[in-house]
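Examination of the molecular architecture
Listed below are the residues making up each chain.
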There are 2 protein chains.
Amino acid sequence: MTTETERPIEPERVRAPNIRDVARVAGVSYQTVSRVLNDSPNIRPETLQRVRDAIDELGYRPNQAARALVTSRSRTIGVLAAQTVHYGPATSIQAIETAAREAGYRLSITNITSSEYASIKSGLDYLMSQAIEALVVIAPQVRVFEAINDLQVGVPFVTLEATGMNTDHSLWVDQVMGARMATRHLIELGHTEIMHISGPQDWIEAEARMQGFLRELGDADLRTRAPILGDWTASFGYYAGLELLRYRDFTAVFAGNDQMALGFMHACREFGLSVPGDISIVGFDDVPEAAHFAPPLTTVRQNFAEIGRRAIALLLGELRGDTELSHEPVQPELVIRQSTARVS
Amino acid sequence: MTTETERPIEPERVRAPNIRDVARVAGVSYQTVSRVLNDSPNIRPETLQRVRDAIDELGYRPNQAARALVTSRSRTIGVLAAQTVHYGPATSIQAIETAAREAGYRLSITNITSSEYASIKSGLDYLMSQAIEALVVIAPQVRVFEAINDLQVGVPFVTLEATGMNTDHSLWVDQVMGARMATRHLIELGHTEIMHISGPQDWIEAEARMQGFLRELGDADLRTRAPILGDWTASFGYYAGLELLRYRDFTAVFAGNDQMALGFMHACREFGLSVPGDISIVGFDDVPEAAHFAPPLTTVRQNFAEIGRRAIALLLGELRGDTELSHEPVQPELVIRQSTARVS
DNA sequence: GGTCTGGATGTGTACGGTCACATCCGCGCC
DNA sequence: GGCGCGGATGTGACCGTACACATCCAGACC
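Everything numeric here is computed off the predicted structure, so don't read it as measured data.

Listed per partner, the contact involves 52 residues of chain A and 51 residues of chain B. Taking both partners together, chain A and chain B bury about 4500 Å²; carbon and sulfur atoms supply 49% of that area. Sorting the residues of chain A by area buried against chain B places R61, R101 and H292 of chain A first, and these three jointly supply 16% of that buried surface. At the boundary of chain A with chain B, the tally comes to 2 salt bridges. The closest approach of N and O atoms between D125 of chain A and R61 of chain B, which form a salt bridge, is 2.9 Å. In this assembly, chain A and chain B are joined by 24 residue pairs in polar contact (both at pLDDT 80 or more). If you list the elements that add at least two residues to the side of chain A that touches chain B, you get α1 (2-6), α5 (64-71), α6 (87-102), β2 (106-111), α7 (117-128), α11 (234-244) and α12 (258-270) of chain A. Taken together, the residues of the side of chain A that touches chain B sort by class into 19 nonpolar, 21 polar and 12 charged.

This part is about the protein's contact with DNA strand D. In the region of DNA strand D, 29 residues are neighbours, and T32, N42 and T47 of chain A together with I19 and Y60 of chain B sit closest. Near the protein, within 4 Å, the atoms of DNA strand D are sugar or phosphate in 53% of cases. Between T47 of chain A and DNA strand D, the recorded distance is 2.6 Å, taken from a side-chain N or O atom to a phosphate oxygen. Within the contact set of DNA strand D, a phosphate oxygen lies 2.7 Å away from a side-chain nitrogen or oxygen of R67 of chain B.

This part takes up the packing of helix α2 (residues 19-26) of chain A against helix α4 (residues 45-58) of chain A. Axis angle and axis distance: for two packed helices, these are the angle between their axes and the distance between the axes, and together they describe the pair. Residue and element names in this part refer to chain A. Between α2 and α4, the shortest axis-to-axis distance is 8 Å and the interhelical angle comes to 120°. By the angle between their directions, the pair α2 and α4 is classed as oblique. Relative to α4, the crossing made by α2 is right-handed. Between α2 and α4, the contacting residues are D21, V22, V25 and A26 on the first element and R50, V51, A54, I55, E57 and L58 on the second. Taken together, the residues of the contact of α2 with α4 sort by class into 7 nonpolar, no polar and 3 charged.

On a regular strand, one side chain projects to one face of the sheet and the next to the other, so that they alternate. All names here are of chain A. Here β2 lies mainly inside the structure; 6 of its 6 residues are buried. Along β2, one buried face is formed by R106, S108 and T110 and the opposite face, lined by L107, I109 and N111, is buried too. Both strand β1 (residues 76-81) and β2 contribute to a ladder of 6 bridges, which runs parallel. Residue pairing across strands places I77 opposite L107, the latter belonging to β2. At this point the chain moves from β1, through α6, to the parallel β2, and the crossover so formed is right-handed.

For the pair chain A and chain B, the relating rotation is 180°, the translation along its axis is 0.1 Å, and the fit reaches an RMSD of 0.2 Å. Both copies of the chain, as the preceding transformation shows, are related through a two-fold rotation axis. Among all residues of chain A, the minimum C-alpha distance to the rotation axis is found for A65 of chain A, at 2.3 Å.

Once that is clear, we can look at the packing of aromatic side chains. Residue and element names in this part refer to chain A. Throughout the structure, instances matching the rule amount to 12 aromatic pairs over all chains. Look at Y87 and F304: their rings are 5.8 Å apart centre to centre, the planes differ by 90°, and that puts the pair in the edge-to-face class. Of this pair, Y87 sits in helix α6 while F304 sits in helix α13 (residues 304-320), and the two are 217 residues apart along the sequence. Y87 gets classed as partly exposed once you look at its relative accessible area, which sits at 24%. Using a relative accessible area of 3% as the deciding quantity, one classes F304 as buried. A network of ring pairs unites the aromatic residues F213, F254 and F284 as a single cluster. The ring of Y105 has R75 lying over it, and the distance from NZ or CZ to the ring centre is 4.9 Å. Against the face of F284 rests R209, its NZ or CZ located 3.9 Å from the ring centre.

Our next topic: the sheet that holds strand β8 (residues 252-255) of chain A. All names here are of chain A. With parallel pairing, the 4 strands of this open sheet are ordered in space as β7-β6-β8-β9. Each having just a single partner strand, β7 (228-229) and β9 (280-282) make up the two edges of the open sheet. Relative to β8, strand β6 (residues 194-198) runs parallel, the two being bridged by 4 bridges. If you follow I197 over to β8, its bridge partner there is A255. Helix α10 (residues 204-219) contacts β6, β7 and β8 of the sheet and is inclined by roughly 170° relative to β6.

Residues and elements named next belong to chain B. For D174, the position within the fold is in the loop between β5 (170-171) and α9 (175-188). The charged side chain of D174 is buried without a salt bridge, its nearest counter-charge being R215 at 7.3 Å. Sequence-distant contacts of D174, that is, excluding residues within four places in its chain, are made with P329, V330, Q331 and P332.

All names here are of chain B. Here R342 is to be found in the segment after β11 (333-335). For R342 and H191, which are 151 residues apart along the polypeptide, the C-alpha to C-alpha distance reads 7.5 Å. A distance of 3.2 Å separates a polar atom in the side chain of R342 from the backbone oxygen of E188.

Residue and element names in this part refer to chain B. Burial of strand β6 (residues 194-198) is extensive: 5 of the 5 residues sit out of reach of the surface. Burial of β6 is two-sided: the residues I194, H196 and S198 facing one way and the residues M195 and I197 facing the other way are all buried. In the sheet, β6 pairs with strand β7 (residues 228-229) via 2 bridges, with the strands oriented parallel. Looking across to β7, one finds that S198 is bridged to L229. Following the backbone out of β6, through helix α10 (residues 204-219) and into the adjacent parallel β7, one traces a crossover that is right-handed.

The rules behind each value
- Residues numbered from 1 in each chain as written.
- Chains lettered and ligands numbered in written order.
- Predicted model: local features only at pLDDT ≥ 70, side-chain atom pairs only at ≥ 80, totals over all residues.
- Heavy atoms only, no water.
- Contact = heavy atoms within 4.5 Å.
- Buried area = accessible area lost by both parts, 1.4 Å probe.
- Salt bridge = Lys/Arg side-chain N within 4 Å of Asp/Glu carboxyl O.
- Polar contact = N/O pair within 3.5 Å; in protein donor to acceptor, adjacent residues only side chain to side chain.
- Helix = DSSP H or I, 4+ residues; strand = E, 2+ residues; numbered from the N terminus.
- Nonpolar A, V, L, I, M, F, W, Y, C, P; charged D, E, K, R; others polar.
- Near = heavy atom within 4 Å.
- Axes fitted to C-alpha atoms, helices over the stretch in contact; angles between N-to-C directions.
- Parallel < 35°, antiparallel > 145°, perpendicular 65-115°, else oblique.
- Left-handed = near helix turned anticlockwise from the far one by under 90°.
- Buried < 20%, exposed > 50% of the residue type's maximum accessible area, 1.4 Å probe, protein only.
- Pairing = 2+ DSSP bridges.
- Right-handed = clockwise from strand over helix to strand, strands pointing away.
- Least-squares fit on C-alpha atoms with pLDDT ≥ 70 in both.
- Phe/Tyr/Trp six-rings, centres within 6.5 Å; stacked < 30°, edge-to-face > 60°.
- Lys NZ or Arg CZ within 6 Å of the ring centre and 35° of its normal.
- Lys, Arg positive; Asp, Glu negative; His and termini not counted.

Set out below in structure tokens:
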């Protein structure tokens, strides 16, 4: 215990100061201290100052456990997340954390490692054991909603990055629109044979992007082909590319995210194919690295931080009892770089 | 409130069941229930079963706030993090979360957005207000240690990814060694003019990698030149490349992380330079995408998940009072791909 | 058969806050 | 001058749990 030897002067503080200690020092009742802590009006300025001085003097910190016990409010927002190592979820979480902290809430984050029901349920269970007051679901999978119902979570929740199919609880980026924009861009460049490498089927956003893709193709009366179901990783994009390029019966690819697009471009290089000369590629997300891929990737940008902030705003509003909250979707944006070109 | 209308049958539960409710249903005293919850021995199997049944029947969940209040143990581990959107920290955090959860701890994560003292202090303050029992510092910056001392954090803490300069509290990847491996690899390929693009100077790991780089050059009696101080981003690597390649008085680059290496390779393309034909590049971290860069990046792999796990193991050991814990560094590993070649 | 022993279980209290309610006091009003 | 009023402050109870201690009881032992 280096800390002990470094400052042996200070007496061992057996117990942290509590509200009554503060009251004693300030010469008021503990209730008055409590009032100060809770910004209650009707305190004489002089008294207020005395209490504040006492708090500083003792280095008093309110005991959150005690407060939570008596108010039965944990001041905790739960986050059920998947793939937190990815740029999108990670960015949203960071924004959520900041917004929550500013509002006096703390976060409890848990990762689900598989999309199996048991895993989701166990994650939710963990969060509920902490008496969360609200729930944010990031990168939602279809089964999450079942679990939320089954476990009677019973707190306000929002879902990020979903499709809007559950508008009551989702704060959504219009993924369908984003996918349409990407697809339309390729169509406008003259591509008629477009491949889609999708995310895992049980991911709502993967599904949404696929829908957008298919609808846009349909609107243009183009032939649709079965999308490839991937797993979001660059490696998948690579191996899928190795497979698909053996036939090369397409001139453009819309990848479900930037990582898979990266892997696919890698495969193109191995086949000696030029991007965008031979194959055009569009990604999704606009991770910061996408601008530096070879070639810089045309992709669909999502404002992950904005989504995170709005999620918290929405939940806090609901906790406060506000009704009529804005659920309008966040609009994605097509970022055209150098991985797409007019079909030759 | 859709939830309300969806299942209106259930009566409004005014109060969650507590330990006494369980006791009443099970026909035992509340203390017996408490014993069951805490796995105390000396309970008649029959009684045990009755209590468990009652718990299930009522859907009882222990109130963590009450428990924390009486035991004065928050069962919370604080995480002070920076750059959580990056692969390394994000991976470590995920591992930490899993390990902590398995051990019955929850995590409280806070991000510091700037490396200023005030920001660090405010982050620590936030964590302390939650009565954390231990602290993990991720991606540490020099000033963090000052803050930890100033605020008398007073709980066990470990630092991830540091240099070993503070071996008491750091669980370190041998960054110096990793940097030496990268540099030596370039030297062995015949490079004598090697550039280093470092991370921000106030990051301990950036400093460590720079040290390793300089020492290895020194050992080989090669000319050292001032490293460029970057900010970890791909964009920085790109713009640094645009600048440096105008002179091109080097044949190899050791980048402080994979992102900056990516940006640098982008700059090389713009100059019409081949990697590794004209310039060899080594990164650091081995993010999953690195294998699919153009060309696939030679880099130094760190086992971020392992670090995270060991951090928790270390802290839990200390909380339990174990002494003599292993602080041996995690060894990084050089992953040779196609961005490095013998000097021509 | 009384005493000792230890396993199984029950009772009182404390943890640190907040809430509802009580009290005190000075002021304006009839 | 007694009364009502409202601002400022104090008192008691309670939130749900764990710990220390007390109690009960059956079996071993002399």
